[in-house]
Amino acid sequence: MRFDLRVAIVTLALAAVPALADAQGRASARSGQQGARGHVSRADIQDQFDAYAIVQAQDALKLSDEQYPEFVRRARALHATRRRTQSQRMRLINQLGQLLRSNRADERRLETATRALDDHERASFESIQEAFADVDAILDVRQRARFRVLEQQLERKKLDMLMRARQRR
């Protein structure tokens, strides 16, 4: 594997995030704000994992120096689309759950909430497919195939990391 300055920069950035979070936790504690020492937010963890995914993609896809900057921009857009649609989906599901728990759960309201969730699912699928197409547009066929395999491997790795983190608690 060749040494690449971009890999070194991302690696250093990933190593720095826990230290920054620890410093933020100490600063929050001194200022009286809530926040556990060393607390890293869910968004920080997701950003770290996205950066890791991009570094892994550079190596696995064998991106050229010309492809890399545009790949990073488009991959980040794909990740942001996924996060945004997942967040909206959870909000709609939570609203549906609240409606079910309340005394206002008549069939008309349940139908409207369920239809909104279904509409969101369709729109989300289309948005994610468009973001994938944007990434695919700069990749050759072999790179697109590698990208699909890498995405699945990274998803498995993320789930494994979450399981280990929960077991440590």
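Heads up: these notes are all about the structure in this document. Keep in mind the model is a prediction, meaning the values are calculated, not measured.

### Brief notes about helix 5 (residues 141–168)
With 28 residues, helix 5 should cover 40 Å at 1.5 Å per step; its first-to-last C-alpha distance of 41 Å lies within 8% of that length. All of the buried residues along helix 5 are Gln 143, Phe 147, Leu 150, Glu 151 and Leu 154. The inward-facing, buried residues of helix 5 abut helix 2 (42–61), helix 3 (67–101) and helix 4 (107–136). N-capping of helix 5 is provided by Asp 140, with a side-chain oxygen placed 3.1 Å from the backbone N of Arg 142.

### Regarding the packing of helix 2 against helix 3
Two elements in contact, helix 2 and helix 3, have axes separated by 11 Å at closest approach and are oriented at 140°. The angle between the axes of helix 2 and helix 3 places the two elements in the oblique class. In the packing of helix 2 onto helix 3, the handedness of the crossing is right-handed. Taking contact as the criterion, the partners of Gln 46, Asp 47, Asp 50, Ala 53, Ile 54, Ala 57, Gln 58 and Leu 61 in helix 2 are, on helix 3, Tyr 68, Phe 71, Val 72, Ala 75, Arg 76, His 79 and Arg 83. The residue inventory of the contact of helix 2 with helix 3, partitioned by class, reads eight nonpolar, three polar and four charged.

### Quick look at the packing of helix 3 against helix 4
In the contact formed by helix 3 and helix 4, the axes pass within 9 Å of each other and the chain directions differ by 170°. Comparing the axis directions of helix 3 and helix 4 gives the class roughly antiparallel. The residue makeup of the contact of helix 3 with helix 4, split by class, is 16 nonpolar, seven polar and six charged.

### A closer look at the packing of aromatic side chains
Applying the stated criterion across every chain yields a total of three aromatic pairs. Measuring from centroid to centroid gives 5.9 Å for Phe 49 and Tyr 52, while their planes differ by 45°, and the two rings are tilted. Separated by three residues within a single helix, Phe 49 and Tyr 52 lie in helix 2, roughly one turn from each other. On the accessibility criterion, Phe 49 (10% relative accessible area) is buried.

### Section: the environment of Arg 74
Tracing the backbone shows Arg 74 in helix 3. C-alpha of Arg 74 to C-alpha of Ile 138: the two residues are 64 residues apart in sequence and 9.2 Å apart in space. When neighbours within four sequence positions are excluded, Arg 74 is seen to be in contact with Asp 134, Val 135, Ala 137 and Ile 138. Engagement of the side chain of Arg 74 in a polar contact is seen with the backbone oxygen of Asp 134, the distance being 2.6 Å.

### Describing unusual backbone geometry
Look at Lys 62: it is not a glycine, yet its phi comes out positive at around 55°. One can find Lys 62 in the loop between helix 2 and helix 3. The exposed category is assigned to Lys 62, whose relative accessible area is 57%.

### Notes on the pattern of salt bridges
Going through the model one piece at a time under the given rule, you end up with 11 salt bridges. Between Asp 160 and Arg 164 there is a salt bridge; the shortest N-O distance is 3.0 Å. Taken as a pair, Asp 160 and Arg 164 lie in helix 5 at a separation of four residues, close to a single helical turn. Each of the salt bridges in this network shares a partner with another, and the network as a whole consists of Glu 70, Arg 73 and Arg 74.

### Digging into the nonpolar core
In this structure, Leu 61, Leu 63, Phe 71, Leu 78, Val 135, Leu 139 and Phe 147 are the most contacted members of the largest nonpolar core, which totals 20 residues. Within the residue set of this core, elements represented by two or more residues are helix 2, helix 3, helix 4 and helix 5. Setting aside residues no more than four positions away along its own chain, Val 135 makes contact with Phe 71, Arg 74, Ala 75, Leu 78 and Phe 147. Within the second largest apolar cluster, five residues are counted, among which are Leu 92, Leu 96, Ala 113 and Leu 117.

Rules used throughout
All chains use their own residue numbering, which begins from 1 and follows the written sequence. Under the rules for a predicted model, residues below a pLDDT of 70 receive no local features and side-chain atom pairs below 80 are neither given nor counted, while totals for whole chains, interfaces and linings still include all residues. Side-chain calculation: all heavy atoms of the structure are included, whereas hydrogens and water are not. Helical segments are the DSSP runs of H or I of at least four residues, strand segments are the runs of E of at least two, and each set is numbered from the N terminus. Under the convention used throughout, the expected extent of a helix is 1.5 Å for every residue step, that is, one less than its residue count. Buried, partly exposed and exposed residues are distinguished by accessible area as a fraction of the type maximum, computed with a 1.4 Å probe on protein chains only: under 20%, between the cut-offs, and over 50%, respectively. We call two residues contacting when some pair of their heavy atoms lies within 4.5 Å. Polar contacts, as counted here, are pairs of nitrogen or oxygen atoms within 3.5 Å of one another; within protein the pair requires one atom able to donate a hydrogen and one able to accept it, and residues that are adjacent in sequence qualify only if both atoms are side-chain atoms. Think of each axis as a best-fit line through the C-alpha atoms, taken over the contacting stretch in the case of a helix, with angles from 0 to 180 degrees between the N-to-C directions. Each angle is binned into one of four classes, with values under 35 degrees roughly parallel, values over 145 roughly antiparallel, values of 65 to 115 roughly perpendicular, and all other values oblique. Left-handed describes a crossing in which the near helix is turned anticlockwise from the far one by less than a right angle; the clockwise case is right-handed. Residues are sorted three ways: Asp, Glu, Lys and Arg are charged, Ala, Val, Leu, Ile, Met, Phe, Trp, Tyr, Cys and Pro are nonpolar, and all the rest, Gly among them, are polar. Any pair of Phe, Tyr and Trp rings, taking the six-membered ring for Trp, is counted once the centres come within 6.5 Å. Such a pair is stacked with planes under 30 degrees apart, edge-to-face with planes over 60 apart, and tilted for the rest. Only one rule defines a salt bridge in this text: a Lys or Arg side-chain nitrogen within 4 Å of an Asp or Glu carboxyl oxygen. Residue types Ala, Val, Leu, Ile, Met, Phe, Trp, Tyr and Cys, when buried and joined through side-chain atoms within 4.5 Å, form a set referred to as a nonpolar core.

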